[in-house]
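Spelled out from the first residue to the last, the chains are:
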Amino acid sequence: MGLIKKEFKDTFKGLIIWNIIFILFSGLYIPFTDKMTEKSDVISRFFNSIPRTFLKAFNISDMEMFLKPEGFFGSEGMAIVFIFAAVYSIMLVSKSFAGEFDNGTIEYLLIKPYSRFKIFFSKLLVMFFNITVIAAIFTVTIVWMFKFFVASNYNVEILYGFGFYTYVVEIFFISFTLFLSFTIKKGSLVNSIAMGILFLMYFGYTLLEDIKGLSFLSYISVFKYIPLVATVKNNTVYYQNGIFIILLSIVLLIVSALWFNKEDISLA
């Protein structure tokens, strides 16, 4: 119980700050949704003057999708939420695991009368609690804001889908960054690689998908399988794809747990 209490204490401030960020960011978009849909002709002319590649990077390649109430927030709004969610997850792992190697405190933990599995899963439990709270509050926030601010017709299931996608991104980047932490054991390097993979996956999917000879790179991105544009345009939440990504993440977590339990920890 002491391990869990310590982890909660170490991550509580970050949890509060990031919840505020997600709430305030949602408030930058949703209250203006009706105004944007009313100005659809002006907006269409404006975006037609912008290069398609730039628009695609922020999920605005399809104007039909963008001008739906949930599409306005689901375009560049959710694109940035995805990045926020991944960055938060990477920083959470850095705080709980990768940083322990840099600070040398991992050795202190290992001489405590706790099994390695208990250390691993205590930290993992707190991380999953934090990302669950973030995803749940974000989902409730956007559903409430749409109900309060948006008079146009919209599909509330798509909003719940946005919350689900955010949770999927958090789970994947926690598991992936944990895996990196035990293979590299250098917090600063883990952060750099994880952030690099994040932006490679996101912009690799949005920008390389239509480039001949490079389109295959888009298939390594988790964002391809929880597509914002297709979700809004087709009124379909890709739950099966999200569940598959979660299962893949669980595999990475199991490998990481076994690695942490058996690998000799050396900071030299």
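Residues numbered from 1 in each chain as written. Predicted model: local features only at pLDDT ≥ 70, side-chain atom pairs only at ≥ 80, totals over all residues. Heavy atoms only, no water.

**With respect to a nonpolar patch on the surface**
Taken together, the side chains of Phe117, Phe121, Val156, Tyr160, Tyr239, Ile243, Leu247, Ile250, Ile254 and Leu258 present a nonpolar region at the surface, about 880 Å² in accessible area. At the level of elements, helix H8 (116-149), helix H9 (156-184) and helix H12 (239-262) are the ones that each hand at least two residues to the nonpolar patch. Here the element with the most residues in the nonpolar patch is H12; it accounts for six residues. Given a relative accessible area of 44%, Phe121 falls into the partly exposed group. (Patch = residues over 30% accessible without salt bridge, like charges linked within 9 Å, V, L, I, M, F, W, Y side chains within 5 Å. Areas by Shrake-Rupley, 256 points an atom, 1.4 Å probe, with all protein chains shown as cover. Salt bridge = Lys/Arg side-chain N within 4 Å of Asp/Glu carboxyl O. Helix = DSSP H or I, 4+ residues; strand = E, 2+ residues; numbered from the N terminus. Buried < 20%, exposed > 50% of the residue type's maximum accessible area, 1.4 Å probe, protein only.)

**Quick look at the UniProt feature "transmembrane region" (unreviewed entry) in the protein**
Residues annotated by UniProt as "transmembrane region" (unreviewed entry) correspond here to residues 12-32, 72-93, 124-146, 158-182, 189-208 and 242-260. Across residues 12-32, helical content stands at 86% and strand content at 0%; the span's end C-alpha atoms are separated by 32 Å. For residues 158-182, the end-to-end C-alpha separation is 36 Å, with 100% helix and 0% strand making up the annotated structure. (UniProt positions renumbered as here; feature names shortened; annotations may be inferred.)

**Considering H12**
Helix length check: H12, at 24 residues, gives a terminal C-alpha distance of 35 Å against a target of 34 Å (1.5 Å per residue), a fit within 8%. Within H12, the full set of buried residues consists of Gly242, Ile245, Ile246, Ser249, Leu252, Leu253, Ser256, Ala257 and Phe260. (Expected span 1.5 Å × (residues − 1).)

**Observations regarding unusual backbone geometry**
Unlike most non-glycine residues, Asn235 shows phi in positive territory, near 55 degrees. Residue placement: Asn235 occurs in the loop between helix H11 (228-234) and H12. With relative accessibility at 39%, the residue Asn235 sits in the partly exposed group.

**What to know about the packing of aromatic side chains**
In this description, an aromatic ring pair is defined by two values, namely the gap between the centres and the angle between the planes. Per the counting criterion, the structure on display carries 24 aromatic pairs. With a centroid separation of 5.5 Å and an interplanar angle of 50 degrees, the aromatic rings of Trp18 and Tyr88 are classed as tilted. Residue Trp18 is found in helix H1 (residues 2-29), and its partner Tyr88 is found in helix H6 (residues 69-103); the two are separated by 70 residues along the sequence. Like Trp18, the residue Tyr88 is buried in the burial classification. Taking 6.0 Å as the distance between ring centres and 80 degrees as the angle between the ring planes, the aromatic pair formed by Phe179 and Trp259 counts as edge-to-face. Within this pair, whereas Phe179 is found in helix H9, its partner Trp259 is found in helix H12, the two being separated by 80 residues in sequence. Residue Phe179 is classed as partly exposed on the basis of its relative accessible area of 25%. For Trp259, a relative accessible area of 27% translates into the label partly exposed. (Phe/Tyr/Trp six-rings, centres within 6.5 Å; stacked < 30°, edge-to-face > 60°.)

**Quick notes on the pattern of salt bridges**
Pairs may arise between side chains of opposite charge once their charged atoms sit close together. If you walk through the whole model with that rule in mind, you get one salt bridge. Across the pair Lys123 and Glu7 runs a salt bridge, and its minimum N-O distance is 2.8 Å. With Lys123 in helix H8 and Glu7 in helix H1, this pair connects stretches of sequence that are 116 residues apart. By relative accessible area, which is 4% here, Glu7 ends up buried.

**Some details on the nonpolar core**
Ranked by size, the top nonpolar core spans 67 residues in total, and within it Phe73, Phe162, Phe173, Leu178 and Phe223 carry the most contacts. Secondary-structure elements contributing two or more residues to this core are H1, H6, H8, H9, helix H10 (187-208), H11 and H12. (Core = buried A, V, L, I, M, F, W, Y, C linked by side-chain atoms within 4.5 Å.)

**Quick word on the packing of H9 against H12**
In contact at an axis separation of 9 Å, H9 and H12 are set at 20 degrees when each is read in the N-to-C sense. Taken together, the axis directions place H9 and H12 in an arrangement best described as roughly parallel. Between H9 and H12 the crossing geometry is left-handed. When H9 is examined against H12, the residues Glu157, Gly161, Phe164, Val168, Ile171, Phe172, Ser175, Phe176, Leu178, Phe179, Phe182 and Thr183 are found in contact with a partner set consisting of Tyr239, Gly242, Ile243, Ile245, Ile246, Ser249, Leu252, Leu253, Val255, Ser256, Trp259 and Phe260. Split into classes, the residues belonging to the contact of H9 with H12 amount to 17 nonpolar, six polar and one charged. (Axes fitted to C-alpha atoms, helices over the stretch in contact; angles between N-to-C directions. Parallel < 35°, antiparallel > 145°, perpendicular 65-115°, else oblique. Left-handed = near helix turned anticlockwise from the far one by under 90°. Contact = heavy atoms within 4.5 Å. Nonpolar A, V, L, I, M, F, W, Y, C, P; charged D, E, K, R; others polar.)

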